[in-house]
Amino acid sequence: MHDIQEPPEPIESTKDQLLGLTAAAPPAPDGAKPGPSLVPIRSLGANHRERIAQHLLALSEHDRYLRFGYAANDEQIQRYVDKLDFERDEVFGIYNRKLTLLAVAHLAYSADAQCDACAEFGVSVSESARGRGYGARLFDRAAMHARNDGVSLMFIHALSENTAMLKIARNAGATVERDGSESEAYLRLAPATLDSHLTELVEEQIAQTDYRIKSQAKHFWGFLAGLQALRRDVQEAERRSAS
């Protein structure tokens, strides 16, 4: 009996398309990474805290510098993750089929009652997942949620050298003001509508379904791997007994 191995990425991508969870992407230019036209983005809770930490700790020193405005060490990142308030703020993530977080966005609400209609956006994307538009997708998702939650101003505080983040803000229509090595961007959000609420609800349901399928697939492949290992042990024992 041949060993059952995990299927390569093209098979998984085809399966997702058949399920309607990931639409086929148009051909990408030479050298560019293709990206799906629909990216399942789900809300993250306290039970995702460990994976969020793994994602952030895997960032390079320069990426940590761009994300936090300083070269955060492991202890500082862990402290940041431990203090995430999932009751007040919103955290969004994009998972791959192995349930590894590729990108994480944090929509932080103001703790000041006088600024209760304001929120700040921050995002990080794993190096292996760059060029797929995940940062922009997360920004759009966070902006829609903020809008539906009564937020009228969304802010981004970024280093001026963080051109990728500032480009996302400008493309969304945000006003960007530069002050030396740092930049501030703010986006005025339109009032929520029935359509914006329904769109967010549908996108969240798609993301949760996508996550469940990936979780089941991961457990199933683990089960098969264990079963194959057991069969090999039995076959080896029989071979030794016969000899």
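What you see is a predicted model; the values in this text were computed from it and never measured. (Residues numbered from 1 in each chain as written. Predicted model: local features only at pLDDT ≥ 70, side-chain atom pairs only at ≥ 80, totals over all residues. Heavy atoms only, no water.)

How do you make sense of the layout of surface pockets when you look at a structure like this?
Rolled over the atoms, a probe with the dimensions of a water molecule shows which regions are left empty. Here the largest pocket is characterised by a volume of approximately 790 Å³. Taken together, 34 residues make up the lining of the largest pocket; nearest its centre are Arg-67, Val-123, Ser-124, Asn-162 and Met-165. Breaking the lining of the largest pocket down by element, the ones donating at least two residues are helix 3 (61–68), strand 3 (101–109), strand 4 (118–125), helix 5 (134–148), strand 5 (153–159) and helix 6 (163–171). When residues of the lining of the largest pocket are assigned to their parent elements, the largest contribution, six residues, is made by strand 4. Along the lines of polarity and charge, the residues of the lining of the largest pocket split into 17 nonpolar, 10 polar and seven charged. (1 Å grid on protein atoms, 1.4 Å probe; cavity = no way out; pocket = protein on both sides within 12 Å on 5 of 7 lines; lining within 4 Å. Points joined across faces, edges and corners; volume = space filled by probe spheres on them. Helix = DSSP H or I, 4+ residues; strand = E, 2+ residues; numbered from the N terminus. Nonpolar A, V, L, I, M, F, W, Y, C, P; charged D, E, K, R; others polar.)

Teacher, can you tell me more about the side chain of Asp-89 here?
Counting through the fold element by element, Asp-89 comes out in the loop between helix 4 (74–82) and strand 2 (90–95). Residue Asp-89 is classed as buried on the basis of its relative accessible area of 3%. One polar contact links the side chain of Asp-89 to the main-chain amide nitrogen of Tyr-109, over a distance of 3.0 Å. Those residues in contact with Asp-89, other than ones at most four positions away along the chain, are His-106, Leu-107, Ala-108 and Tyr-109. (Buried < 20%, exposed > 50% of the residue type's maximum accessible area, 1.4 Å probe, protein only. Polar contact = N/O pair within 3.5 Å; in protein donor to acceptor, adjacent residues only side chain to side chain. Contact = heavy atoms within 4.5 Å.)

Sorry, what's going on with the pattern of salt bridges here?
If charged atoms from side chains of opposite charge come close, those side chains can pair. In this structure the tally under the stated criterion is six salt bridges. When salt bridges that share partners are traced, they join Arg-141, Glu-200 and Glu-204 into one network. (Salt bridge = Lys/Arg side-chain N within 4 Å of Asp/Glu carboxyl O.)

It is not clear to me how helix 6 should be interpreted in this structure. Could you clarify?
Residues that lie three or four places apart on an α-helix share one face, since the helix turns once every 3.6 residues. When we look at burial in helix 6, the residues that qualify are Met-165, Leu-166, Ile-168 and Ala-169. Taken down its axis, helix 6 places every buried residue within 155° of arc, on the same side. Among the exposed residues of helix 6, those oriented more than 90 degrees off its buried face are Thr-163, Lys-167 and Asn-171. Contacts made by the buried residues of helix 6 are with strand 4, helix 5, strand 5, strand 6 (175–179) and strand 7 (182–188). After helix 6 finishes, the residue Gly-173 shows a positive phi value of roughly 95°. (Arc of directions from axis to C-beta.)

Mind showing me how you'd approach the sheet that holds strand 3 here?
As a general point, the strands of a sheet are linked pairwise by backbone hydrogen bonds and lie either parallel or antiparallel. Judged by pairing direction, the sheet is mixed, and its seven strands sit side by side in the order 1-2-3-4-5-7-6 without closing on themselves. Where the open sheet ends on each side, the last strands, each with one partner, are strand 1 (42–44) and strand 6. Averaged over all pairs of adjacent strands, the angle between their axes in this sheet comes to 25°, without regard to strand direction. When strand 5 meets strand 7, the two strands line up antiparallel, connected through seven bridges. From the neighbouring strand, Leu-159 faces strand 7, where its bridge partner is Glu-182. In the packing of helix 3 onto the sheet, contacts are made with strand 3, strand 4 and strand 5, and the angle to strand 4 comes to roughly 170°. (Pairing = 2+ DSSP bridges. Axes fitted to C-alpha atoms, helices over the stretch in contact; angles between N-to-C directions.)

Even after reading the chapter, I still don't get the packing of helix 3 against helix 4, so can you show me in this structure?
Helices that pack against each other are described as a pair by the angle of their axes relative to one another and the distance between those axes. Where helix 3 contacts helix 4, the two axes come as close as 12 Å, and the packing angle between them is 40°. Judged by the angle between their axes, helix 3 and helix 4 are oblique. Between helix 3 and helix 4 lies a crossing of left-handed hand. Contacts from Arg-64, Arg-67 and Phe-68 of helix 3 reach helix 4 at Asp-74, Ile-77 and Tyr-80. (Parallel < 35°, antiparallel > 145°, perpendicular 65-115°, else oblique. Left-handed = near helix turned anticlockwise from the far one by under 90°.)

Looking at this model, I keep getting lost on empty space enclosed by the protein. Mind explaining?
Inspection of every chain in the model, using the stated rule, returns two cavities of 30 Å³ or more. Here the largest cavity defines a volume of roughly 50 Å³. What lines the largest cavity is Ile-52, Leu-56, Arg-67, Tyr-80, Leu-84, Val-91, Val-104, Ala-105, His-106, Gly-122 and Ser-124. Breaking the lining of the largest cavity down by element, the ones donating at least two residues are helix 2 (49–57), strand 3 and strand 4. Element by element, the count of residues in the lining of the largest cavity is highest for strand 3, at three residues. Along its surface, the second largest cavity is lined by Pro-40, Ile-41, Arg-42, Gly-93, Ile-94, Tyr-95, Ala-207, Asp-210, Tyr-211 and Lys-214. At the level of elements, strand 2 and helix 7 (194–242) are the ones that each hand at least two residues to the lining of the second largest cavity. If you tally residues by element for the lining of the second largest cavity, the top one is helix 7, at four residues.

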